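Here are the chains, one letter per residue:
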Amino acid sequence: MAKNLLIVESPAKAKTIEGYLGKDFLVKSSYGHIRDLIKTDDAIDVSHNFEQRYEVPADKKAVVNELKKLAKDAEMVWLASDEDREGEAISWHLFETLGLKEDKTKRIVFHEITKNAILKAIETPRTIDYNLVYAQQARRVLDRLVGFELSPVLWKKVKPSLSAGRVQSVAVRLIVDREREVNKFSATAAFKVVAIFYTDKQKEVFRAELPERFEKAPEAEKFLNDCINAIYTVRSLETRPTKRSPAAPFTTSTLQQEASRKLGFSVARTMQVAQKLYESGKITYMRTDSVNLSDTALNAAAAEIKSAYGEKYHQLRKFKTKSAGAQEAHEAIRPTYFEQHSISGDSSEQRLYDLIWKRSIASQMAEANFEKTTAKISISTRSEEFIANGEVMKFDGFLKVYMESSDEDESEINLDEDNDNSILPPLTQGQTLNLREMNATERYSRPPARYTEASLVKKLEELGIGRPSTYAPTISTIQNRGYVVKEEREGKQREFQVISLKDGQIKLATKTENTGAEKNKLFPTDIGAVVNDFLVEHFKGIVDFNFTAKVEKEFDEIAQGLKNWTEMLRTFYDPFHVEVETTLLNANRASGERELGFDPETGKKISVRIGRYGPFVQIGESAENEEDEKPRYASLRSGQMIESISLEDALDLFKLPFQLENYQGKELSVGVGRFGPYIKWGESFISLPKGEDPLAVNLERAIEIIDEKQLADAPIAHFEGLPVTKGKGRFGPFIKWNDLYINVPVRYNFDHLGEAEINELISKKVEKESNRFIQQWPAEKIALENGRWGPFIRFGKLMLKLGKNPATKDKYTAEELSELPIETVKKLIEEQIPDAFTAKAKKTSKSASAKKSPAKRLVKAK
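Rules of the game
- Residues numbered from 1 in each chain as written.
- Predicted model: local features only at pLDDT ≥ 70, side-chain atom pairs only at ≥ 80, totals over all residues.
- Heavy atoms only, no water.
- Helix = DSSP H or I, 4+ residues; strand = E, 2+ residues; numbered from the N terminus.
- Contact = heavy atoms within 4.5 Å.
- Areas by Shrake-Rupley, 256 points an atom, 1.4 Å probe, with all protein chains shown as cover.
- Lys, Arg positive; Asp, Glu negative; His and termini not counted.
- Charge placed at Lys NZ, Arg CZ, Asp CG, Glu CD.
- Pairing = 2+ DSSP bridges.
- Salt bridge = Lys/Arg side-chain N within 4 Å of Asp/Glu carboxyl O.
- Buried < 20%, exposed > 50% of the residue type's maximum accessible area, 1.4 Å probe, protein only.
- Axes fitted to C-alpha atoms, helices over the stretch in contact; angles between N-to-C directions.
- Parallel < 35°, antiparallel > 145°, perpendicular 65-115°, else oblique.
- Left-handed = near helix turned anticlockwise from the far one by under 90°.
- Nonpolar A, V, L, I, M, F, W, Y, C, P; charged D, E, K, R; others polar.
- Core = buried A, V, L, I, M, F, W, Y, C linked by side-chain atoms within 4.5 Å.
- Phe/Tyr/Trp six-rings, centres within 6.5 Å; stacked < 30°, edge-to-face > 60°.
- Lys NZ or Arg CZ within 6 Å of the ring centre and 35° of its normal.

## Some points on the overall build of the protein chain
- Within the protein chain, the secondary structure is distributed over 25 helices and 36 strands.
- For the protein chain, the spread of C-alpha atoms along the three principal axes comes to 100 × 85 × 70 Å.
- Relative to all contacts within the protein chain whose residues are 6 or more apart in sequence, the contacts with residues 24 or more apart total 67%.
- Here the protein chain displays about 46400 Å² of accessible surface, and carbon together with sulfur accounts for 48% of that area.
- When the 131 positive and 132 negative side-chain charges of the protein chain are each reduced to one mean point, those points stand 4 Å apart.

## Here's the deal with the pairing of strand E32 (residues 782-787)
- Looking at chain direction, strand E31 (residues 773-777) and E32 are connected through four bridges and run antiparallel. Among the inter-strand pairings, Gln 775 is bridged to a residue of E32, identified as Leu 784.
- A loop of four residues connects E31 with E32, the two strands running antiparallel in sequence, and Lys 781 in this loop sits at a positive phi of about 60 degrees.
- Summarising the sheet, E32 and strand E33 (residues 790-795) pair through six bridges and their orientation is antiparallel. By the bridge assignment for E33, Asn 786 is matched with Pro 791.
- As consecutive antiparallel partners, E32 and E33 are separated by two residues.

## Description of the pattern of salt bridges
- In the structure shown here, the tally under the stated rule is 57 salt bridges.
- A salt bridge links Glu 595 to Lys 605; the nearest nitrogen and oxygen atoms lie 3.2 Å apart. In this pair, Glu 595 sits in strand E19 (residues 594-598) while Lys 605 sits in strand E20 (residues 605-611), placing the two residues ten residues apart along the sequence.
- Judged by its relative accessible area of 55%, Glu 595 is exposed.

## Remarks on the sheet that holds strand E28 (residues 722-729)
- Spatially, E27-E28-E29-E30 is the arrangement adopted by the four strands of the open sheet, whose pairing is antiparallel. Of all strands in the sheet, those with a lone pairing partner are strand E27 (717-719) and strand E30 (740-743), marking the two edges. Within the sheet, the average angular offset between the axes of one strand and its neighbour, ignoring direction, is 40 degrees.
- Pairing geometry for E27 and E28, over three bridges, is antiparallel. By the bridge assignment for E28, His 718 is matched with Pro 723.
- Packing against the sheet, helix H21 (residues 755-772) makes contact with E27, E28, strand E29 (732-737) and E30, and its axis sits at approximately 115 degrees to E30.

## Some points on the packing of helix H6 (residues 166-184) against helix H15 (residues 526-538)
- Remark: H6 packs on H15, axes separated minimally by 10 Å, with the N-to-C direction vectors making an angle of 110 degrees. What the angle tells us is that H6 and H15 run roughly perpendicular. The element H6 and its partner H15 pack so that their crossing is left-handed. In this structure, H6 contributes Ser 169, Val 172, Arg 173, Val 176 and Arg 180 to the contact, and H15 contributes Gly 528, Ala 529, Asn 532, Asp 533, Leu 535 and Val 536.
- A breakdown of the residues in the contact of H6 with H15 according to their chemical character gives five nonpolar, three polar and three charged.

## Some words on the nonpolar core
- Core analysis: the largest hydrophobic core is formed by 131 residues, its most contacted members being Leu 6, Phe 110, Leu 352 and Leu 456.
- Among the elements that take part in this core, helix H5 (residues 130-157) stands out by supplying ten residues, more than any other.
- Beyond its immediate sequence surroundings of up to four residues, Leu 6 is in contact with Ile 17, Leu 21, Phe 25, Leu 26, Val 27, Lys 28, Trp 78, Ala 80, Ile 108 and Ile 122.
- Of all hydrophobic cores here, the second largest spans 28 residues; its members include Phe 206, Tyr 232, Leu 424 and Leu 501.

## Focus: the packing of aromatic side chains
- By the definition in use, this model includes 22 aromatic pairs.
- Both rings, one in Phe 50 and one in Tyr 573, keep their centres 6.2 Å apart while their planes meet at 85 degrees; by these two values the pair is edge-to-face. Of this pair, Phe 50 sits in the loop between strand E4 (44-45) and strand E5 (51-52) while Tyr 573 sits in helix H18 (residues 565-586), placing them 523 residues apart in sequence. Taken as a pair, Phe 50 and Tyr 573 share a single burial class, namely buried.
- Feature note: the residues Phe 197, Phe 206, Phe 214, Phe 223, Tyr 232 and Phe 386 constitute an aromatic cluster, connected by ring pairs.
- Of note, Arg 443 hangs over the ring of Phe 496, and the distance from its end group to the ring centre comes to 5.0 Å.
- The positively charged end of Arg 494 is found above the aromatic ring belonging to Tyr 444, 4.0 Å away from the centroid.

## Concerning the packing of helix H8 (residues 252-263) against helix H11 (residues 347-362)
- Their axes nearest at 11 Å, the elements H8 and H11 cross at an angle of 120 degrees. As summarised for this structure, H8 and H11 are arranged oblique, according to the angle between their axes. In terms of crossing hand, the pair formed by H8 and H11 is right-handed. Residues Thr 254, Leu 255, Glu 258, Ala 259, Lys 262 and Leu 263 of H8 pack against Arg 351, Leu 352, Leu 355, Ile 356 and Arg 359 of H11.
- In the contact of H8 with H11, the residues fall into six nonpolar, one polar and four charged.

Okay, here's the thing in structure tokens:
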């Protein structure tokens, strides 16, 4: 048995660290937190200094039992969880749960997984920092109190099964507020004038723009008319040097933003990939709001820049963190080894590493120097002047790391594209220019941009809301709760006018453009908007930006030992609890109801609101007696919202479903359902192509869609006499045979699968499935299965260890597993989950639990 037990959070990190330490160290993983607040109402006792009750989840009991045994046998236990508040709390939970002794426990931290960093950490251990633990406890307790007290209010006053969170509610408010800004925005049009000039050499063309805009088409047309016989002269020429400096190395926030913009990663994906890079020793710790680099890193970056690019490209820079709360993290995110320009392996990891390496190296490189030229061009027939901007790079500096080659044909210049960084031809003051073309294009003002995941993170950081560890879970939570959706939306066609002057002729044209198209933007749902309005009305503090930022500062003060965490919670909780009880007693039910007008056919009132199953439109009043005529209902379609749907759009919803003529003896209709608009043909449901208006589908178009579907679903082959079909699903392309779905790897050409390839894919899948189960007991939801890392027990949705055969003190053989009785398997399950087969008490009914006030949910009797 090793003298030292070192515990980290993840098995990947454990494997990497174990390679750096000798035989005296055994490195094990806790697999994250090993315990959490109990799920019941009495998890926090607010009457006794917010005392908490914790439990070890069922899936962690085996881990805890193993760590307890190893800790008991070890001479020293080293707690090596991450260096932030969450990591400190994990170490504390391990200390408490494993029953460790202070004289036999050491806490170490490191921000990079290298041999030197690990050995240095072991040379300089410390004790658990309880100020960091208290800060994490304060956040956990506060968020649990808010969630447990607000959620029942939402169940009663808005809709069952809703929940609320402190930071999440603020994030939803930002998205709702922005959506309303967009909906209220009224676009205004003006004409932008751009000209293409050339010197005596025809190829030396450049773009110039008129700073003024014309509000009306006649004004723009008159300007172009006046320019027909004008003489264009370079009135002034100004050249000045400019510089660009590199950005600071990545923090968690800036990495999430840049990975979203450049790589298209979601915030959650960025953190997952970064975690893998950190655990494999490729980068430093990825949860940080510091832009500082250590002296070791600065020296390593300098050496690599001088080696790879030359002395003149290096410039030492020390960035300072603006965030007052950046106390825990010691460094920005950077490569562990600067000489490692790229890595092998997973594509996502390669791309993110490349981004981190470039940003880190660039931060220590020299400025890029440019020469910027501004030419003002006079018009002999008008007082206005065109302005042309050009830029010439004199020294690339840090841009050498980012620079990409481009070979654009300068004779083909986009008149509508701003291009201040283009290169101007040699010009002289007083020089006469030739006009090749001039366009006055109608351009509309744009509404505020909806949030992407990246821009929402940036806004939260600007407001001081949340910390590096909270951004990804916050954004995932508001989407999982159905308050926000991330989606693409098609734009609408809009006409605009273009007035052109070319070869002395004025031409007018009307063109169309797609406007309002959105890609991967965050939209509030109706329920998200209704919940937000309810919280803003009754719990202003919870969704107030300044209040939420103030709470974050208080967490920082607790972490620094400047504030008592229970006093901070008491100051918040007492008035909040009173607000909850007052709202339960006095607040009206919120449904977001809005009256749209009256049905032109029946004269009945049309309204829209939130119902049990989501937003819907209603024609008529709710029936009070059985004899009364019942109202008609229709669900809103994707992209429609209660507060913005028009009367016309609401009436269209009642046109669906509608019948078409029968096709091939089967009934044919068009409708809209849970998964969008569809065609129903006999008993078959066929989704309409994305963006297609169901109201515009006629018999001819319906038949086209049916034929396309039949062609797509036609068998592409047969295997053992059964048809093989193919399709594309959530996890990529697949083939289907005998109710088996078989993923098609990228090495196969999915569009041209041959018979041999199909047979190979199916045979492998059938063999894998036949070897998957060793024994099954479906009634007990128990099975012995072969997994990637060896055989295991599947108990419901849990995957449990088999352990060793007590008789042989060795791993079970395949033969032993095939004959293992169910009673023995149950005992193995109970060793890991002691109450696995204990009859559970019946749960109280939902209606009974809903009646309990939040006061009783969280406060023990005094």
